[in-house]
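An overview of the molecular structure
These are the residues of each chain, in order.
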Amino acid sequence: MSSIQRDLNLLDSHIRTFNYRNLSRIDWYLLGITFILIGFGLTALYSASQSLSADASFFSLYYVRQFIAFCLGLTIALAIVCIDYRALISLAPAMYIVVAGLLIAVLFIGTEAKGGQHWLRYGPFNLQPSELSKLALVYSLAWYLAAVRDRIQSALYFAGAFVISGGILVLILLQKDLGTALVLPPVVLMMLYAAGCRKRYLFSIVAVGVAMAATVFFAVDKLPLEEYQKSRIKSFVQPDADPLESGYQIIQTKIAVGSGQMWGKGVGKGTQTHLRFLPEFHTDFIFALIAEEMGFVGGFIVISLFALFLLRGIVLARDCPDLAGSLLAVGCVTIIGFHVFVNIAITLHLLPITGLPLPFLSQGGSFCVTTMMCVGTLLSVQVRKGFFD
Amino acid sequence: MKPTANGKRFEGFERRMGWLLVAVVAFSALLCARLWQLQIVDGQVYTKQAEDNRLDYEVIKSPRGIIYGRDETIVLADNRAALDLVLTPALLRDAEGVCAQLGNLVDVDSAALIASVERAIKRKTPFEQILVKQDITKTERMRVEEYSFALQGVYTVARPLRRYYHNHAAGQILGWINEIDREMLDRNKPRYKLGDIIGRDGIEQRYESDLKGTDGAMIVTRYNGSVPQLRTDVHGMPYIEVDSKGRSLALERRQDAVPGKPIFTSLDIELQIECERILRDELLAEDIVDIQAEGAIVVMDVDTGELLALASVPTYDPNIFTTQSPDQQTIIDSVMKDPRKPMLHRAFQTHYPPGSVFKVLLAVAALEEGAIDEHTTFSCGGSFRYSNHTWRCWRPGGHGGVSIVDALAFSCDVFFYNAGLRLGPEKLNKWAHLLGQGETTGIDLPREVPGGIPSPDKKAAAAKRRKSTNRDDFKWYPGDTINMSIGQGMVDATILQNAVMMASVLNGGKRVRPFVNMALGPDVSEQLIGDNTLRIVSAGLLKCVEKKQPPSGTGREARIEGLTILGKTGTAQVAHMSQLKGRRERNVPYELRDHALFVAGVTNMKPRIAVSIIVEHGLHGSTTAAPVAKKVFDYFYLKRKQSGEPGAAPEAVNVAMHGEPVE
């Protein structure tokens, strides 16, 4: 292919907002890691499904449900690849308003799950607006930061970014969705950091955040949190204060992970999970199942794959000449990276239990789709970055 | 879209991305190191824990707090150990045989039992206990034990079950409990779990958070594939000692349940039972009423507000909510849907027109506000005319010239029509508020109603609410004041409020907050009523009970030799006069008959008590309700003391009287 023809191809891929030809230049490095991780997840969920009762229907098996969600997510991701991400960014204000509307709606007509109002139901569809809010925030901030550019250095524009993020965060907190509320601040901070705002603003925000976290740790009883959230925090800070209820999960998780040793007990042979000692092993604690059944080797491979995925994402952000594209990449990498590190740290008893799923592996339709939308966004930036060279 | 490179990069962007790369590598390394530590360094330890011993988690339910009577040796509600018969499918040698055997021994459906055993095996949960029968009897337990050699895998588990010792007595006050339902569970997470018990009325509901306690838990290490056997000690506390194969287990950790806090009530349960008996049985036996009476009696310590008895008849037995039986639901439904409303406490969960009992309040207000004084006299000719309307006195012939003392003693309506007009509705409202009418008394029991005292503002507001077009509905007329003066019209008060009002007259003009939980302690206001007013009103109320020669006081039937009793009768109209025209009293249909009310108190004994009574459709306060008060005083101060039974030991004291008996 001559260089002129390549340029023409590139040009062609950019003159239309929706162009399926972009799929031919997709980044197989990122997508390949995604497939391998999904493979790990399905294997683990296949194992977990065996402890379901014998009369469970085919579509209630964890791995079947996860596979369906993945196919849906992949379709959406590929569609995102075809769409020019700058067109999506220009729609960000609309996205923001729609998601905010859904978050308000879920407060009134949502279905409760574990003390939080998380779900909107319409027929067979369950929508979790808090999942969508993560991506909407990334796009909105990319839109804002790319528009204000250098002016982010001024306190006024810095505050603007916080108004945008704060609106979503407050709505999430109203739903008492601690997991999502924890993800959003790192995303905001990371995107602001990437956009080059003043360090002392960032540090003061982080300091306030740390002070609040310290309050949570040491004055947890006086906070307006749900009891189950308090007990989770407490059981981490003082494991002996409530050793039995939340502590039980921590002990069982540690035994599950530890007993995996170097090579694991083999897929489907994890006793901790299959004898139901370990609650929630197919969602938030799936890494414990992998560590038990596939051992240190399996756990190491999974962590490494995640690391490679994230590194690739950051390199993409670094190399993309378009600021908006870079910011999108940073946001998506942060969403996935935060989930990965916090979830695994919880499973390995380095952090208190908060209820964050593990991307690509935990069973959960909405979250799987969110993750795949992040992947789609990363891929979409990737296929277009060459144009700016 | 036209392709545009987004201009020059920010300074230092690549450096910042470089830091992110470093961070990702560092975090990943940290996680791998931790994984290495858990799996390789400590792996042996955890593997041993996973293989040899497994941890098992059992919740220990906290026993519900005990409710005591006034005498702290008397238990009103506690927990007994109910034995549940359970089986573990995996341990049955011959499932069908065992189920058939159980069918014979404890009368359960053996086919259904076999089905649930098979279901458990199919569901791969063979070690989870299946309930065979709840709350088995002693005989059933002995039968099962006799055949225990053939019933391997079948055993009993104790569980605390609420027991109300006095059955119907104070049923509405103690309240009832049941298993928490979905809706309440969502509201009370995570303190409550599915299957937990929650109080639904009375003390059980009001003091739920004290009575509940905190669940505990046990973690035991156990052998591979075995099931810990939950047992219960004599106190009903579960423990785990051995597993299903008889091997002893080590208790890793145990966090005992914290039992619910006890509630010490002010209830004198003997007096309570007596009050209920008088209302339910004696009135009918003595032909004072035609059919079994419905009504309420409040007995309150006037100095503290402690409720010694709070009887409401008919009542119900809270045990029906906890005693399992095949027709339990039918029994519960029959109580809940009973048209006589046994679950309603008639002393404070509903209100009645107070009738002439209200005159006590009017007398206090008129004297305090200076509308009348001790010597003010009105002439009663049997009726009272005011702007083309006529209001009758209950005594057709009239009372002649009456002062406030006689007006209270003989319950002269005309006197109070005049006094009410002089006082006006605003000042009357002020005093109603001071003495606790028209607002809740603050009793520590659920579902108290406030009653209502009419005022010009409230009348207009009510007319506005129902979008009335009649101008008369908005305007307050003197006629409204006149009706209000004898406790009719729109005046509504609870029997408990009447007791509180009476207590103020007896205790030196203070308002008390009635209560049943002794932990609350008395809540008494400063003196609200002047000494002079108290002296005059007391004289009238004393004459009402003491005056023997005709015309006698209306409360005459409450008189007991040796007790200084103040009292006021009341008769609350149920139907309009026109509906009753020409009928003799006992020919009036039951549901149209007037309510009989009485409030009274004793001043020369300790403790000083006030009683407030209603006998629904009892016709006259003087002939129906006053004798009830006499029985209560007689029992409380005299009879029980003579028979030497335990309980409050009242004694005669010299109390400075506000007025001498007037004969």
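For the structure itself, consult the block above.
Parameters at a glance
- Here the residue numbering is sequential within each chain, running from 1 through the sequence in written order.
- Chains and ligands are labelled sequentially in the order written, the chains with letters from A and the ligands with numbers from 1.
- Only residues with pLDDT of at least 70 get local features here, since the model is predicted, and only at 80 or more are side-chain atom pairs given and counted; chain-wide, interface and lining totals rely on the full set of residues.
- In this text, helices come from DSSP runs of H or I with a minimum length of four residues, and strands from runs of E with a minimum of two, each type numbered from the N-terminal end.
- Residues are called buried when their C-beta atom has 20 or more other C-beta atoms within 10 Å, exposed when it has 12 or fewer, and partly exposed otherwise; all C-beta atoms are positioned from the backbone.
- Once C-beta atoms are placed from the backbone, any two residues with those atoms within 7 Å are in contact.
- Here, strands pair whenever DSSP counts at least two bridges between them.
- Any set of buried Ala, Val, Leu, Ile, Met, Phe, Trp, Tyr and Cys residues joined through C-beta atoms within 7 Å is what this text calls a nonpolar core.
- Only the stretch in contact is used when a helix axis is fitted, and all axes are lines through C-alpha atoms; the angle between N-to-C directions ranges over 0 to 180 degrees.
- Orientation is classified from the angle alone, with under 35 degrees giving roughly parallel, over 145 giving roughly antiparallel, 65 to 115 giving roughly perpendicular, and any other angle giving oblique.
- A crossing counts as left-handed when the near helix is turned anticlockwise from the far one by less than a right angle, and as right-handed when that turn is clockwise.
- The nonpolar class holds Ala, Val, Leu, Ile, Met, Phe, Trp, Tyr, Cys and Pro. Asp, Glu, Lys and Arg form the charged class, and all remaining residues, Gly among them, are polar.

Thoughts on the overall build of chain A
If you tally the helices and strands in chain A, you get 15 helices and 3 strands. Counting the 389 residues in chain A, one finds 48% classified as buried. Within chain A, residue pairs in contact and separated by at least 24 positions form 71% of the contacts whose partners lie at least 6 positions apart.

Focus: the pairing of strand S24 (residues 609–615) of chain B
Residue and element names in this part refer to chain B. Counted residue by residue, S24 has 7 buried out of 7 residues, so it is predominantly covered. Judged from the 7 bridges that link them, strand S13 (residues 295–301) and S24 form a sheet pairing that is antiparallel. Residue Ile297 lies in a different strand from S24, and its bridge partner there is Ile613. In this sheet, S24 lies alongside strand S22 (residues 595–602) in antiparallel orientation, the contact comprising 6 bridges. Bridging across to S24, Val599 finds its partner in Ser612.

Quick word on the nonpolar core
Of all hydrophobic cores here, the largest spans 126 residues; its most connected members are B:Ile297, B:Val298, B:Val299 and B:Ala629. Apart from residues no more than four positions distant in its own chain, B:Ile297 is found in contact with B:Cys275, B:Leu279, B:Ala309, B:Ala311, B:Val611, B:Ile613, B:Val628 and B:Val632. Counting residues in hydrophobic clusters, the runner-up holds 121 residues, among them A:Leu37, A:Leu102, A:Phe285 and A:Ile303.

Overview of the packing of helix H5 (residues 92–109) of chain A against helix H6 (residues 129–148) of chain A
All names here are of chain A. One way to put it is that H5 packs onto H6 with a least axis distance of 9 Å and a crossing angle of 155°. Accordingly, the angle class assigned to the pair H5 and H6 is roughly antiparallel. The crossing of H5 and H6 is left-handed. Where H5 abuts H6, its residues Ala92, Pro93, Met95, Tyr96, Val99, Leu102, Leu103 and Val106 lie against Pro129, Leu132, Ser133, Ala136, Tyr139, Ser140 and Trp143. Looking at the contact of H5 with H6 residue by residue, the classes come out as 13 nonpolar, 2 polar and no charged.

Notes on unusual backbone geometry
Residue and element names in this part refer to chain B. Looking along the chain, the bond that leaves Val313 and enters Pro314 is cis, with omega of 0°. Relative to the helices and strands, Pro314 is located in the loop between strand S14 (307–313) and helix H11 (328–336). A cis amide bond links Lys606 with the next residue in sequence, Pro607, at an omega value of -5°. Inspection of the secondary structure puts Pro607 in the loop between strand S23 (605–606) and S24. With a phi angle near 60°, Asp107 is a residue other than glycine that sits in the positive phi range. Tracing the chain through its elements places Asp107 in the loop between helix H3 (95–106) and helix H4 (110–122). Phi at Asn167 takes a positive value of approximately 50°, unusual for a residue other than glycine. Mapped onto the elements of the fold, Asn167 is located in the loop between strand S5 (154–164) and helix H6 (171–174). Residue class for Asn167 comes out partly exposed when judged on the 14 C-beta atoms lying within 10 Å of it.

As far as function goes, none of this settles anything; it's purely spatial.
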